[in-house]
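What follows is each chain in one-letter form.
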Amino acid sequence: MTQAELDALAEAWRARWPDALAAWGRVSRMHPPVLHTAPVPGARSFAWYDSQRVEVHVDLRHALARGIGDHALAVLAHEVGHHLLAPVDRRTALRTAARVRAGLVDQDHLVAVVANLWSDLLINDRLQRTGAADQAAVWRALAPAADPLMALVLRADEMLWHQPRGSLTGPGVDVDEGAAWLCTRLVRAYARDPVGGAAGFASLVRTALPEDALRDLDVRRLRLVVCGDADEGTGLPAGLAGDPSLAAPVLHPSLDPAVVGDVTGGAAGTADEDVQPPVADASAPGSAHGTPGNTLLPGDLHAVLLALGDTTSLEDVAIAWYRDRAAAYLVPFPVERTPGVPEALIGGYDTWEVGDDLADVDWTGTVTASPVVLPGVTTVRREVLDDAPALAHETPVDLDLYLDSSGSMPDPKRFSAIALAGAVLALSALRVGARVQATTWSGRHQVAGTDGFTRDPEAVLRAVVAHFGGATAFPLGVLRRTYLGDDGRPPAATRRTHIAVVSDDGARTMLADASPSGDGPTPLAVQALERAGGGGSLLLDVPEGWRSRTAAGLPAGYDVYWVGADTDLVDFARDFARRTYARTPRPRSAGATGGSR
């Protein structure tokens, strides 16, 4: 086809754009589609929706090659559906993909394709049912199904739209009729809830197709057939880590009451009643599959991103995860209040009498009133009034956080309840305007972190999720530099600071410089606590049977919190706030440098 013919075809497609928007309602609004008449490098389909730019793209050369040049309305309306129904936005797309991955269990290479097929099923069924666009004609124009996954989807479409058997799948294609019928019920039951039905669809695919068929599916070819959602975004959207629906148990459609209703003969509440089961056995094999816990862990969310082609690192996913999860447990971090000093207000003149302090005479006012100075007669003094005290000055207590990342500690990038408790303290401090110094430590010379106090939450959380996995030696050098100075330099801490240590039994290395007899110089960990002036906390992940032994080897003066995988962080946050505010603020020791400011 010549360029002039392609341009004319583009104009014809553009003329159908208002009808494509109207297929979803009179209030639908999007800017016109991007119609490509030149080859599009890297295009994975003949049409796609860009959720980042909120626009529809069509590769007209590819559409012509697939034989759908005359189906502008159906293709454009379908892509509008990706904007308005499934997946709508990046957050919904990731939620859908996470549920699909849970349903597929161990077939991560199919996550993107299966999630896209599920969205296509909902969109196409909506357009076909309402008569807004003939999606069945598009599938008839495309080549018949060449793999068992597309055959299952197209057979379900035939049942949904009352098309003759084989009209969409092609002749002689072997499809599990029971699985296809369950798919139709699933589509109607979750017609307005793409996330809610995604796991069930994936579970259906996982159980209906043989293991070798799933493994050998040509994913690249499938993506060329399916009208995709080209999401080029990266990273984890805010709030996704705390979404409890992502870790909900997976129900196979044959066990989902919303799909099959009362198995003794009742109907599902939202499924289409005129979609009748085939004569063959309609009960597809499958079982409920659950994910423990109430949220997905960082590694799971990272796997979802990888399945969608996102190159975000596990470290960045973990940072976003801890930020989201810690937000629910933030504590009122301590703030030092300095009483306000009342300011003097200059009032009017009053007579200065003999016997008053001579320094109180206002000579300017006296000679202005009379050039002749008569003590007690013409002499005046300025009256000074006390203003109401100013508001108290609030200075947040800084946080000095030490995170044990030795081999005995769990890797926070996978999950660590104690690291989450540390993130709670760090973000609580940053929320009230405090500065945080975060130091990750393991063996000797294995120290990393923010290298000083900062207000940057990204830098602090990067230290929280870091992990060496080596030996255990508390960084006493950092403690000395922070509170006592080092090599003639002044201490780094310039105002009241709270010291917090996240560790296990390795916290006992804080007393590595202590005399075994106990009669030597004061250990550095105790000196630092006195100089910091803001108290100290030890967050320790130690089995209950070992806690008494561990407690005996800890530095004096620190509050100890036992934090483990089964710890209720709400209780920890409440206990921390109670202990911190019950502590009477004490002035910094005489040897401390600086003060509140």
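Up top is the structure.
Bear in mind the structure is a predicted one, so any value in this text is a computation, not a measurement. Along each chain, residues carry numbers from 1 onward, in the same order as the chain's sequence is written. Reporting of local features is limited, given that this is a predicted model, to residues whose pLDDT is at least 70; pairs of side-chain atoms are given and counted only at 80 or more, and all residues count toward the totals for whole chains, interfaces and linings. Based on all heavy atoms of the structure, the side-chain values leave hydrogens and waters out of the count.

S.K.: Please clarify how the overall build of the chain should be interpreted in this entry.
M.R.: In terms of helices and strands, the chain carries 22 helices and 14 strands. Burial status follows relative accessibility: with a 1.4 Å probe on protein chains alone, a residue under 20% of its type maximum counts as buried, one over 50% as exposed, and anything between as partly exposed. Taken across its 597 residues, the chain has 52% of its residues classed as buried. In what follows, residue pairs with any heavy atoms lying within 4.5 Å of each other are defined as contacts. Sequence separation of 24 or more characterises 76% of the internal contacts of the chain that already satisfy a separation of 6 or more. Each accessible area is a Shrake-Rupley estimate made with a 1.4 Å probe; only the visible protein chains count as cover when residues are assessed. Of the accessible surface of the chain, which amounts to about 26,600 Å², a share of 53% is contributed by carbon and sulfur atoms. Strands are runs of DSSP state E lasting at least two residues, helices are runs of H or I lasting at least four, and both sets are numbered from the N terminus onward.

S.K.: Would you take a moment to explain empty space enclosed by the protein for this structure?
M.R.: The gaps left among the atoms become clear once a water-sized probe is rolled over them. Cavities and pockets are defined on a 1 Å grid built over the protein atoms alone: a cavity is a set of grid points where a 1.4 Å probe fits but cannot escape, while a pocket is an open set with protein on both sides within 12 Å along at least five of seven lines, and lining residues are those with an atom within 4 Å of any such point. Grid points are joined across faces, edges and corners, and a volume is the space filled by probe spheres set on the points. Applying the stated criterion across every chain yields a total of five cavities of 30 Å³ or more. Empty space within the second largest cavity amounts to approximately 80 Å³. Forming the boundary of the second largest cavity are 13 residues, of which Leu403, Asp404, Pro412, Ala419 and Val464 lie nearest the centre. Counting only elements with at least two residues in the lining of the second largest cavity, the list comes to strand E9 (398-404) and helix H17 (417-431). Each residue belonging to the lining of the second largest cavity can be placed in one class, and the counts come to nine nonpolar, three polar and one charged. For this scheme, ten residues count as nonpolar: Ala, Val, Leu, Ile, Met, Phe, Trp, Tyr, Cys and Pro. Four count as charged, namely Asp, Glu, Lys and Arg, and the remainder, Gly too, count as polar.

S.K.: Just to check I follow, could you spell out the packing of aromatic side chains for this structure?
M.R.: Two measures describe an aromatic ring pair: the distance that separates the ring centres and the angle between the ring planes. Pairing of aromatic rings covers Phe, Tyr and the six-membered ring of Trp, with a centre-to-centre limit of 6.5 Å; geometry is then stacked below 30 degrees between planes, edge-to-face above 60, and tilted otherwise. Scanning all chains against the criterion turns up nine aromatic pairs. Summarising the aromatic geometry, the rings of Phe333 and Phe576 are spaced 6.1 Å apart at their centres and angled 25° between planes, so their arrangement reads as stacked. With a gap of 243 residues between them, Phe333 in the loop between helix H15 (314-326) and strand E5 (335-338) and Phe576 in helix H22 (residues 569-582) connect regions that are remote in the sequence. Residues Phe333 and Phe576 agree in their burial class; the two are buried. Judged by centre distance (5.5 Å) and plane angle (85°), the rings of Tyr561 and Phe572 are edge-to-face. Here Phe572 lies in helix H22 and Tyr561 lies in strand E14 (residues 559-562), a separation of eleven residues in the sequence. The same class applies to Tyr561 as to Phe572, namely buried. Counting every residue linked through ring pairs, the aromatic cluster contains Phe333, Tyr561, Phe572 and Phe576. Any Lys NZ or Arg CZ that is within 6 Å of a ring centre and within 35 degrees of that ring's normal is treated as a charge sitting over the ring. Its guanidinium or amino end placed over the ring of Trp546, Arg549 lies 5.9 Å from that ring's centre, counting from NZ or CZ.

S.K.: Sorry if this is basic, but what is going on with helix H9 (residues 177-189) here?
M.R.: Each turn of an α-helix holds 3.6 residues, which means side chains three or four residues apart point in the same direction. In this model H9 runs 18 Å from its N-terminal to its C-terminal C-alpha over 13 residues, within 8% of the 18 Å that 1.5 Å per residue would give. Taking burial as the measure, the 13 residues of H9 include 13 buried ones, the bulk of the element. Identification of polar contacts relies on pairs of N or O atoms within 3.5 Å, with a donor-acceptor requirement for protein atoms, meaning one able to donate a hydrogen and the other able to accept it, and with residues adjacent in sequence counted only if both atoms are side-chain atoms. Put simply, Asp176 is the residue that caps the front of H9, since its side-chain oxygen is 3.0 Å from the backbone nitrogen of Gly178. The span expected for a helix works out to 1.5 Å for each residue beyond the first.

S.K.: Just checking my understanding: could you explain the pattern of salt bridges for this structure?
M.R.: Opposite charge on two side chains permits pairing when their charged atoms draw close. One side-chain nitrogen of Lys or Arg within 4 Å of one carboxyl oxygen of Asp or Glu is enough to make a salt bridge. Per the stated rule, a full pass over the model turns up 26 salt bridges. Arg381 is the partner of Asp350 in a salt bridge, and the nearest nitrogen-oxygen pair spans 3.3 Å. Of this pair, Asp350 sits in strand E6 (residues 344-351) while Arg381 sits in strand E7 (residues 380-386); the two residues are 31 residues apart in sequence, bridging distant segments of the chain. For Arg462, the salt bridge is made with Glu458, and the minimal N-O distance between the two is 2.8 Å. Residue Arg462 and its partner Glu458 are both found in helix H18 (residues 457-465); the two are separated by four residues, about one turn of the helix.

S.K.: Would you mind showing me how to read the environment of Leu420 here?
M.R.: Mapped onto the secondary structure, Leu420 falls in helix H17. Separated by 44 residues in sequence, Leu420 and Val464 place their C-alpha atoms 8.3 Å apart. Beyond its immediate stretch of four places on either side in the chain, Leu420 contacts Tyr322, Arg325, Ala326 and Leu569.

S.K.: I would appreciate a short explanation of the sheet that holds E14 in the present structure.
M.R.: Strand pairing in a sheet takes place through backbone hydrogen bonds and is either antiparallel or parallel in direction. Two strands are said to pair when DSSP picks up at least two bridges between them. Taken in spatial order, the six strands of this open sheet run E11-E10-E9-E12-E13-E14, and their pairing is mixed. Only two strands of the sheet have a single partner each, and these edge strands are strand E11 (447-449) and E14. Geometrically, the sheet is characterised by an average inter-axis angle of 20° between neighbouring strands, direction not taken into account. For strand E10 (residues 436-441) and E11, the ladder comprises three bridges, and the chain directions are antiparallel. Bridge pairing in E11 links Trp441 to Val447. Working convention: axes come from line fits to C-alpha atoms, limited for helices to the stretch in contact. Angles between N-to-C directions cover 0 to 180 degrees. Together, E9, E10 and E11 form the strand contacts of H18, whose direction differs from that of E10 by roughly 25°. Here helix H19 (residues 476-483) sits on the sheet in contact with E9, E10, E11 and strand E12 (497-503), set at roughly 170° to E9.

S.K.: Explain a nonpolar patch on the surface to me, please; I cannot follow it from the model alone.
M.R.: On the surface, Leu358, Trp363, Val367 and Val373 cluster together into a nonpolar patch covering about 380 Å² of accessible area. Note that Trp363 resides in helix H16 (residues 363-369). On the accessibility criterion, Trp363 (46% relative accessible area) is partly exposed. Residues enter patches when they are more than 30% accessible in relative terms and free of salt bridges; like-charged ones are connected within 9 Å and nonpolar ones (Val, Leu, Ile, Met, Phe, Trp, Tyr) within 5 Å.

S.K.: Got a minute to help me understand helix H20 (residues 524-532) in this structure?
M.R.: Within the span of H20, buried status applies to Leu524, Ala525, Val526, Ala528, Leu529 and Ala532. Following H20 by one or two positions, Gly533 has its phi on the positive side, about 75°.

S.K.: Can you walk me through the side chain of His57 in this structure?
M.R.: With respect to the helices and strands, the residue His57 is situated in strand E3 (residues 55-59). Under the relative-accessibility criterion, His57 is labelled buried at 9%. Within the local environment of His57, its side chain forms a polar contact with the side chain of His36, the two groups lying 2.9 Å apart. Ignoring anything within four residues of it in the chain, the contact list for His57 reads Val34, His36, Phe46, Ala47, Trp48 and Asp50.

S.K.: How should the nonpolar core be read in this particular structure?
M.R.: Within soluble globular proteins, side chains that are nonpolar generally end up buried alongside one another. Ranked by size, the top nonpolar core spans 132 residues in total, and within it Trp13, Trp118, Phe201, Leu399, Leu539 and Phe572 carry the most contacts. For this core, the element with the most residues is H17, which contributes eleven residues. Ignoring sequence-local partners within four residues, the contact set of Leu539 consists of Ile418, Ala421, Gly422, Leu425, Val501, Val502, Ser503, Tyr561, Val563 and Phe572. Buried Ala, Val, Leu, Ile, Met, Phe, Trp, Tyr and Cys residues that are joined via side-chain atoms within 4.5 Å together make up what is termed a nonpolar core. Judged by nonpolar contacts, the second largest core, of 23 residues, contains Phe453, Ile499, Met510 and Leu529.

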